[in-house]
Amino acid sequence: EAQVTQNPRYLITVTGKKLTVTCSQNMNHEYMSWYRQDPGLGLRQIYYSMNVEVTDKGDVPEGYKVSRKEKRNFPLILESPSPNQTSLYFCASSLYPGRFYGYTFGSGTRLTVV
Amino acid sequence: SQQGEEDPQALSIQEGENATMNCSYKTSINNLQWYRQNSGRGLVHLILIRSNEREKHSGRLRVTLDTSKKSSSLLITASRAADTASYFCATERYTGTASKLTFGTGTRLQVTL
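Here's what I pulled together on the structure shown here. (Residues numbered from 1 in each chain as written. Chains lettered and ligands numbered in written order. Predicted model: local features only at pLDDT ≥ 70, side-chain atom pairs only at ≥ 80, totals over all residues. Heavy atoms only, no water.)

What to know about a nonpolar patch on the surface
Step number 1: Residues Ile12, Val14 and Val114 of chain A make up a contiguous nonpolar surface patch of roughly 310 Å² in combined accessible area.
Step number 2: Tracing the backbone shows Ile12 of chain A in strand β2 (residues 10-13). (Patch = residues over 30% accessible without salt bridge, like charges linked within 9 Å, V, L, I, M, F, W, Y side chains within 5 Å. Areas by Shrake-Rupley, 256 points an atom, 1.4 Å probe, with all protein chains shown as cover. Salt bridge = Lys/Arg side-chain N within 4 Å of Asp/Glu carboxyl O. Helix = DSSP H or I, 4+ residues; strand = E, 2+ residues; numbered from the N terminus.)

Observations concerning the interface of chain B and chain A
Step number 1: Taken together, the contact pairs 26 residues of chain B with 27 residues of chain A.
Step number 2: Taken together, both faces of the contact between chain B and chain A bury some 2,000 Å²; the carbon and sulfur share is 51%.
Step number 3: Our count for the contact surface shared by chain B and chain A stands at 1 salt bridge.
Step number 4: Across the salt bridge formed by Asp59 of chain A and Lys100 of chain B, the nearest N and O atoms sit 2.8 Å from each other.
Step number 5: Summed over the shared surface of chain B and chain A, the result is 7 residue pairs in polar contact (both at pLDDT 80 or more).
Step number 6: Looking at the side of chain B that touches chain A, the elements with two or more residues in it are β4 (31-37), β5 (43-50), β9 (85-94) and β10 (99-103) of chain B.
Step number 7: Taken together, the residues of the side of chain B that touches chain A break down into 8 nonpolar, 14 polar and 4 charged. (Contact = heavy atoms within 4.5 Å. Buried area = accessible area lost by both parts, 1.4 Å probe. Polar contact = N/O pair within 3.5 Å; in protein donor to acceptor, adjacent residues only side chain to side chain. Nonpolar A, V, L, I, M, F, W, Y, C, P; charged D, E, K, R; others polar.)

Brief notes about the sheet that holds strand β7 (residues 61-66) of chain B
Residues and elements named next belong to chain B.
Step number 1: Read from one edge to the other, the open sheet built from 5 strands follows the order β1-β3-β8-β7-β6, with strand pairing classed as antiparallel. Both outer strands of the open sheet, β1 (5-7) and β6 (55-58), are each paired with one neighbouring strand and no more. Averaged over all neighbouring strand pairs, the angle between strand axes comes to 20°, with direction disregarded. (Pairing = 2+ DSSP bridges. Axes fitted to C-alpha atoms, helices over the stretch in contact; angles between N-to-C directions.)

A look at the pairing of strand β4 (residues 31-38) of chain A
In the case of a regular strand, side chains alternate between the two sheet surfaces.
All names here are of chain A.
Step number 1: Taken across its 8 residues, β4 has 8 buried, putting it largely inside the fold.
Step number 2: Side-chain alternation along β4 places Tyr31, Ser33, Tyr35 and Gln37 on one buried face and Met32, Trp34, Arg36 and Asp38 on a second face that is also buried.
Step number 3: Of the pairings in the sheet, the one linking β4 to strand β9 (residues 87-94) comprises 7 bridges and is antiparallel in character. Residue pairing across strands places Tyr35 opposite Phe90, the latter belonging to β9.
Step number 4: As defined by bridge partners, β4 adjoins strand β5 (residues 42-51) across 7 bridges and the pair is classed as antiparallel. Bridge pairing in β5 links Arg36 to Arg44.
Step number 5: Between β4 and β5, which follow one another and run antiparallel, lie 3 residues, and Gly40 among them has a positive phi close to 80°. (Buried < 20%, exposed > 50% of the residue type's maximum accessible area, 1.4 Å probe, protein only.)

A closer look at the pattern of salt bridges
Step number 1: For the structure shown, the criterion picks out 8 salt bridges over all chains.
Step number 2: Here Arg44 of chain A ties to Asp38 of chain A by a salt bridge, and the two come within 2.8 Å at their closest N and O atoms.
Step number 3: When the shortest N-O distance is used, the salt bridge between Arg62 of chain B and Glu55 of chain B registers 3.1 Å.
Step number 4: Residue Arg62 of chain B is classed as partly exposed on the basis of its relative accessible area of 29%.
Step number 5: By relative accessible area, Glu55 of chain B is classed as partly exposed at 39%.
Step number 6: Among the charged side chains, a network of salt bridges with common partners joins Arg36, Asp38 and Arg44 of chain A.

A few points about the side chain of Ser49 of chain A
Residues and elements named next belong to chain A.
Step number 1: Mapping Ser49 onto the fold places it in strand β5.
Step number 2: Residue Ser49 is classed as buried on the basis of its relative accessible area of 0%.
Step number 3: Within the structure, Ser49 has its side chain in polar contact with the side chain of Thr55 (distance 3.4 Å).
Step number 4: A distance of 2.8 Å separates the side chain of Ser49 from the side chain of Arg68, its partner in a polar contact.
Step number 5: Here Ser49 is in contact with Glu30, Tyr31, Met32, Val54, Thr55, Arg68 and Phe74, once residues within four sequence places are set aside.

Re the sheet that holds strand β8 (residues 76-78) of chain A
Residue and element names in this part refer to chain A.
Step number 1: With respect to topology, 4 strands assemble into an open sheet ordered β1-β3-β8-β7, the strand pairing being antiparallel. Each of the sheet's edge strands pairs with one partner strand only, and the pair in question is β1 (4-7) and β7 (65-66).
Step number 2: Strand direction decides the pairing type here: β1 and strand β3 (residues 19-25), joined by 4 bridges, are antiparallel. Across the sheet, Val4 pairs through a bridge with Gln25, a residue of β3.

What to know about the side chain of Glu53 of chain B
All names here are of chain B.
Step number 1: Mapped onto the secondary structure, Glu53 falls in the loop between β5 and β6.
Step number 2: With a relative accessible area of 17%, Glu53 lands in the buried category.
Step number 3: Looking at Glu53, its side chain comes within polar contact range of the main-chain nitrogen of Arg50, at 2.8 Å.

So far we have only geometry, and geometry alone does not tell us how the molecule works.
Spelled out as structure tokens, the structure:
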């Protein structure tokens with residue numbers, strides 16, 4: 001089944017403890033990105049990757065890092081999580097952005113930082 | 001920055017009625033997409049309309065795009081209880097070296113029996 005897989009689905013952590021949220025897609029998509037969803041703010045882009053060679057910041061990159069060492073994986077890294085990073089996170093991918101293809105989203109990771 | 005703004009924020013209708021949601025945006029786009037999200041779950045792509053298209057249909061969905069007014073509408077005909085969800089418009093801007101999909105804050109649709 002074609003899909004974007006995120007892990008974990010739920011995560012509670014303490015301030016300052018490094019964590020990684022994994023994202024993997026099996027559709028050979030070039031483009032991948034991360035979003036966070038907060039009440040009243042909709043979805044905001046954190047980072048995106050056009051392909052394995054190009055990664056860039058989105059609208060809210062502060063406090064996050066990403067890595068695109070291979071096409072299928074795009075992990076999101078929080079080096080020192082803070083309570084304001086408590087949110088619902090989504091990974092998404094697209095075959096070729098800007099053309100005729102929509103985006104496929106993962107099921108989400110609900111992160112709580114205490 | 002928010003690109004798409006949806007209207008209304010919430011909509012409650014009875015099964016069998018039509019539901020119309022509107023979206024406005026601010027800058028030039030390559031395409032506009034609509035997504036559905038069931039409570040707390042991932043977003044599901046519904047339909048994409050390119051900037052040079054004015055109307056598109058998919059099953060019970062009809063999308064219109066007016067680039068002169070920077071607005072779009074999503075019509076769901078003959079709604080069902082299973083259509084209860086949040087609906088988001090998203091605009092995509094592609095420059096060749098970068099692509100950005102920007103979401104609005106969504107419309108919560110409640111379909112009652």
